[in-house]
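# Notes for the structure review
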Amino acid sequence: DAKTTQPPSMDCAEGRAANLPCNHSTISGNEYVYWYRQIHSQGPQYIIHGLKNNETNEMASLIITEDRKSSTLILPHATLRDTAVYYCIVRRAGGTSYGKLTFGQGTILTVHP
Amino acid sequence: GAVVSQHPSWVICKSGTSVKIECRSLDFQATTMFWYRQFPKQSLMLMATSNEGSKATYEQGVEKDKFLINHASLTLSTLTVTSAHPEDSSFYICSARDRLLAGATFYEQYFGPGTRLTVT
């Protein structure tokens, strides 16, 4: 599975949009981009995923560049409860590693009042 | 969404004893469950993949005789840390893959709340 690069930390003001970047320059055609987050001392929580089209759900939006080498997770109106570590994971569908998620160091997002 | 529970949420044990951690999928059947370990200020590291009715597959560097995994039913997997030592103190997290989505290109993997193990 392709490796991802994320900034170690980011800050955001409450109520503003939080834009979290992720580089995955070695991504291959059948690999998806997943985002999870982990609030302190809890298990990870699924946020969103995508292949090549932009995606939106009730939690966030995912913008994937046309060449698929990078993506941005957008939390449109960040709240204090969004303070967490955000993980960008790239993995392929199917195959012998079906189901395995490889977590990198992620981005620590701190939302300030 | 689907719920995965872990028990206990935290445990303190003495060095040399064994500790069992349970992972349950509460409202779905999980043919596959995963066990992760997370040390302070570090990311999650996959320890093993547990398939119902078969032996677990361990990641490189994880001692299978020390971390015993049993997945006897579609809703329960257990991780037993045998002869625990202080260096085994960590946050153990399980996740479960929804059986209903197996075979699809996208599946949801639901994570438990984690178990904090402290070995004294």
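Everything below is about the structure printed above this text.
Residue indices follow the written sequence of each chain, beginning from 1 at its first position. As a convention, the first chain written is A and the first ligand written is 1, with the rest following in written order. The predicted nature of this model means local features are confined to residues of pLDDT at least 70 and side-chain atom pairs, given and counted, to a pLDDT of 80 or more, with totals for whole chains, interfaces and linings taken over all residues. Side-chain numbers here rest on the full set of heavy atoms in the structure, without hydrogens or water.

### Topic: the sheet that holds strand β2 (residues 18-23) of chain A
In this scheme, strands are said to pair when DSSP sees at least two bridges between them. The way it works is that DSSP assigns letters per residue, a run of H or I at least four long becomes a helix, a run of E at least two long becomes a strand, and they are numbered from the N terminus. The strand order β2-β7-β6-β5 (chain A) describes an open sheet built from four strands, whose pairing is antiparallel. Unpaired on one side and paired on the other, β2 and β5 (55-56) of chain A mark the two borders of the sheet.

### Looking at the interface of chain B and chain A
Residue contacts are defined here by distance: any two heavy atoms, one from each residue, within 4.5 Å place the two residues in contact. Each side of the interface is counted separately: chain B has 25 residues, and chain A has 20 residues. Put simply, buried area is how much 1.4 Å-probe accessible surface two parts lose in total, over both of them, once they are put together. Of the roughly 1700 Å² buried between chain B and chain A on both sides combined, carbon and sulfur atoms contribute 53%. Within this document, salt bridges are pairs made up of a side-chain nitrogen of Lys or Arg and a carboxyl oxygen of Asp or Glu, the two lying within 4 Å of each other. At the boundary of chain B and chain A, one finds zero salt bridges. Polar contact criterion, stated in full: a pair of N or O atoms within 3.5 Å, where within protein one must be able to donate a hydrogen and the other to accept it, and residues adjacent in sequence count only if both atoms are side-chain atoms. On the surface where chain B and chain A come into contact, there are three residue pairs in polar contact (both at pLDDT 80 or more). Taken together, the elements giving at least two residues each to the side of chain B that touches chain A come down to β4 (32-38), β5 (45-51), β9 (90-97) and β10 (109-111) of chain B. In terms of residue class, the side of chain B that touches chain A is built from 12 nonpolar, eight polar and five charged. Polar here means any residue outside two lists: the nonpolar Ala, Val, Leu, Ile, Met, Phe, Trp, Tyr, Cys and Pro, and the charged Asp, Glu, Lys and Arg; Gly therefore counts as polar.

### Side note on the pattern of salt bridges
All names here are of chain B. Scanning the entire structure with this criterion turns up three salt bridges over all chains. Here Glu 22 ties to Arg 24 by a salt bridge, and the two come within 3.5 Å at their closest N and O atoms. Residue exposure (1.4 Å probe, protein chains only): buried if accessible area is under 20% of the type maximum, exposed if over 50%, otherwise partly exposed. Residue Glu 22 is classed as partly exposed on the basis of its relative accessible area, which comes to 22%. Note that Lys 66 and Asp 88 form a salt bridge whose closest N and O atoms lie 2.9 Å from each other. With Lys 66 in the loop between β6 (57-58) and β7 (67-73) and Asp 88 in the loop between β8 (76-81) and β9, the pair connects residues that are 22 residues apart, well separated along the chain.

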